[in-house]
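# A look at the structure
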Amino acid sequence: MKKYRNIYYLVNLLYSLGVAVWSGTIYLFMHHIGYSYGEINFFLSIFWVVTFIAEIPSGFIADHLGYLKTASISNLVRATGLAVLALSPKNFLLLALSAFLTALGDSLMSGTLPSWIANKAALNNEKDQLGEIYSTYSLIASPFNMIVGFIGAHFLANIDLRLPLLTGAAFLAVTFFILVALFKYDSQAGTQKLSFKELNVVSEVKEVITNEYQTFKFILLCLPIWFISSGPIDQWQLYFQHGKRVDSGSILVAIGIVGYIGSYIYRYLYKKKINQLFLLIFSVIFLTISIELVVMLKGNYYLALGIFMIHNLFGTIQQMIQGTLLQESIKTEKSRATIVSVCNALDAGVSVLILSLNGYLSDHYGIGLAWQSLAIVGLVLFFGMLIYYKRGRVKQA
């Protein structure tokens, strides 16, 4: 099992570095070469729509073709999308093509490697180690992502705004070749090889929902969290630049450090066998309280920024709890990646809705009010879904 853990850590790390290096500059690059804010938003819209459509088929493909094979395709497709964006002049069609390839690559990757390592853990009767595996990876990846993201934003981008994108494409290309060399360790949860004649996603999803009803209730339980977190995730640069010149790279480093601390805290709590659902509820409550305080204390810039870091701390813990509980709750091994992809597809669909609401509220009432109002809505919806989720667990018991 140690060998599989190391493969999981290596491939995941290279992929995440291929994203981290340009994550702080991609929108600056698009604006720099002449794209309007509306055209950049069009890029985001295509990304989320393609993600919503492609997530479930991607999980089905991973379950039947093989997890590592699917991950290799993902890296190649996403590297191509980044290269198209970086090397092309301003061209609306090429912008759309880049968004499509980037989203498709992201969909093929999301949940694939966690499902692969979860499948290996299940086969080796070590499924109870998943929380430690995920938290250990986060501890390894956080400092590397922080450093590479800082290098991309502060050094490569100042030489040429194309360099972070091209460097990211290079990381993904290297990951592709490494994955090809690791095909002998691949596994597929489906009992049959992938056939397009058998790719009936609707029937597959219906079967999964029937067999994994409680898992899907957990997925629904977590959807309202997007109301709390999506605004701050996307708008923190704008919010903390009001009235002051802010070094976004320094804040990015601080967020990375906080993420590292959050991963360490979660690993400690997981080893202590503290109830995971309780920790999830606690994290969601503090996510909401912290974002309310950030807005209320906006007049004290550094205090608000400090509380925002606490918000990110609980956000890291919440994401790790959610990912662990989801993987541990899945019983149907042959459809593991499909279930994760359904979760990601629902996340993407909800994100499109929330970002639309957030955009309207931000334009008309300000970013702060948008964060506060959506966070409250998210908390109320979360507790409503929690009652529904726990009622089902009681009946099942």
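Above this text sits the structure in question.
Overview of the structure.

Reading the values: the criteria
- Residues numbered from 1 in each chain as written.
- Predicted model: local features only at pLDDT ≥ 70, side-chain atom pairs only at ≥ 80, totals over all residues.
- Heavy atoms only, no water.
- Helix = DSSP H or I, 4+ residues; strand = E, 2+ residues; numbered from the N terminus.
- Buried < 20%, exposed > 50% of the residue type's maximum accessible area, 1.4 Å probe, protein only.
- Contact = heavy atoms within 4.5 Å.
- Areas by Shrake-Rupley, 256 points an atom, 1.4 Å probe, with all protein chains shown as cover.
- Core = buried A, V, L, I, M, F, W, Y, C linked by side-chain atoms within 4.5 Å.
- Expected span 1.5 Å × (residues − 1).
- Bend = angle between axes of the 7 residues up to and from the residue.
- Salt bridge = Lys/Arg side-chain N within 4 Å of Asp/Glu carboxyl O.
- Patch = residues over 30% accessible without salt bridge, like charges linked within 9 Å, V, L, I, M, F, W, Y side chains within 5 Å.
- Disulfide = S-S within 2.5 Å.
- Phe/Tyr/Trp six-rings, centres within 6.5 Å; stacked < 30°, edge-to-face > 60°.
- Lys NZ or Arg CZ within 6 Å of the ring centre and 35° of its normal.
- Axes fitted to C-alpha atoms, helices over the stretch in contact; angles between N-to-C directions.
- Parallel < 35°, antiparallel > 145°, perpendicular 65-115°, else oblique.
- Left-handed = near helix turned anticlockwise from the far one by under 90°.
- Nonpolar A, V, L, I, M, F, W, Y, C, P; charged D, E, K, R; others polar.

## Concerning the overall build of the chain
Scanning the chain from N- to C-terminus turns up 16 helices and 0 strands. Scored against the burial criterion, the 397 residues of the chain give a buried share of 55%. Pairs at least 24 residues apart make up 86% of the contacts formed inside the chain by residues separated by at least 6 positions. Total accessible area on the chain is roughly 17,800 Å²; 67% of this is exposed by carbon and sulfur atoms.

## Some words on the nonpolar core
Counting residues in each nonpolar core, the largest one holds 54 residues, and the members touching the most others are Y8, M30, W116, I117, I133 and L165. When residues of this core are traced back to their parent elements, those giving at least two are α1 (2-23), α2 (26-32), α3 (37-65), α4 (67-87), α5 (92-109), α6 (112-123), α7 (130-159) and α8 (162-181). Per-element accounting of this core gives the leading share, 10 residues, to α1. Not counting residues within four places of it along the chain, the set of residues in contact with Y8 comprises L113, P114, W116, I117, I133, Y134 and Y137. Core analysis: the next-biggest nonpolar cluster, separate from the first, contains 51 residues, W236, F240, L305 and L326 among them.

## Considerations on α7
The terminal C-alpha atoms of α7, which comprises 30 residues, lie 41 Å apart, in line with the 44 Å expected from a rise of 1.5 Å per residue. G152 marks the point of greatest bend in α7, at about 35 degrees.

## Digging into the pattern of salt bridges
It is possible for side chains of opposite charge to pair when their charged atoms get near one another. The tally for this structure, following the rule as stated, stands at 3 salt bridges. Note that D106 is salt-bridged to R78, the shortest N-O span being 3.2 Å. Within this pair, whereas D106 is found in helix α5, its partner R78 is found in helix α4, the two being separated by 28 residues in sequence. Given the relative accessible area of 5%, R78 is considered buried. Linking E132 and R267 is a salt bridge whose minimum nitrogen-to-oxygen distance equals 3.7 Å. Of this pair, E132 sits in helix α7 while R267 is found in helix α12 (residues 248-271), placing the two residues 135 residues apart along the sequence. For R267, a relative accessible area of 22% gives the class partly exposed.

## Topic: the environment of T332
Examined against the element boundaries, T332 turns out to sit in the loop between α14 (301-329) and α15 (336-365). Sequence spacing of T332 and N211 is 121 residues, and the spatial spacing of their C-alpha atoms is 7.3 Å. Ignoring anything within four residues of it in the chain, the contact list for T332 reads N211, E212 and I339.

## Observations concerning a nonpolar patch on the surface
A surface patch of nonpolar side chains, amounting to about 410 Å² of accessible area, comprises I289, L293, M296, L297 and L303. Residue contributions to the nonpolar patch peak at 3 residues, all from helix α13 (residues 276-296). Note on placement: M296 falls in helix α13.

## Some details on unusual backbone geometry
For residues other than glycine, phi is negative in most cases, and the peptide bonds are mostly trans. The residue K273 is not glycine, and still its phi comes out positive at about 60 degrees. Mapped onto the secondary structure, K273 falls in the loop between α12 and α13. Overall, K273 belongs to the exposed group, its relative accessible area being 65%.

## Considerations on the state of the cysteines
The final tally for this structure, using the stated rule, is 0 disulfides. The cysteine C222 is free of any disulfide, with C343 supplying the nearest cysteine sulfur at 7.1 Å. Assessed through its relative accessible area of 6%, C343 is described here as buried.

## A short note on the packing of aromatic side chains
Counted according to the given criterion, the structure contains 16 aromatic pairs. Clustering of aromatic rings is evident, with ring pairs tying together Y8, Y9, Y134 and Y137. In this arrangement the basic side chain of K69 is found over the ring face of F183, its NZ or CZ atom lying 5.3 Å from the centre. One cation-aromatic arrangement involves K120 over Y4; the distance from NZ or CZ to the ring centre is 4.7 Å.

## Quick notes on α14
The first and last C-alpha atoms of α14 sit 42 Å apart over 29 residues, in line with the 42 Å expected at 1.5 Å per residue. Within α14, 21 of the 29 residues are buried, which leaves it mostly tucked inside the rest of the structure.

## Side note on the packing of α4 against α8
Two numbers describe a pair of packed helices, the interaxial angle and the distance between the axes. Taken N-terminus to C-terminus, the directions of α4 and α8 make an angle of 160 degrees; their axes are 8 Å apart at the nearest point. In terms of axis orientation, α4 runs roughly antiparallel to α8. When the axes of α4 and α8 are compared, the crossing they make is left-handed. Seen from α4, the contacting residues are L68, A71, S72, N75, L76, R78, A79, L82, A83, L85, A86 and L87; seen from α8, they are R162, L165, L166, G168, A169, L172, A173, T175, F176 and L179. Tallied by class, the residues present in the contact of α4 with α8 amount to 16 nonpolar, 4 polar and 2 charged.

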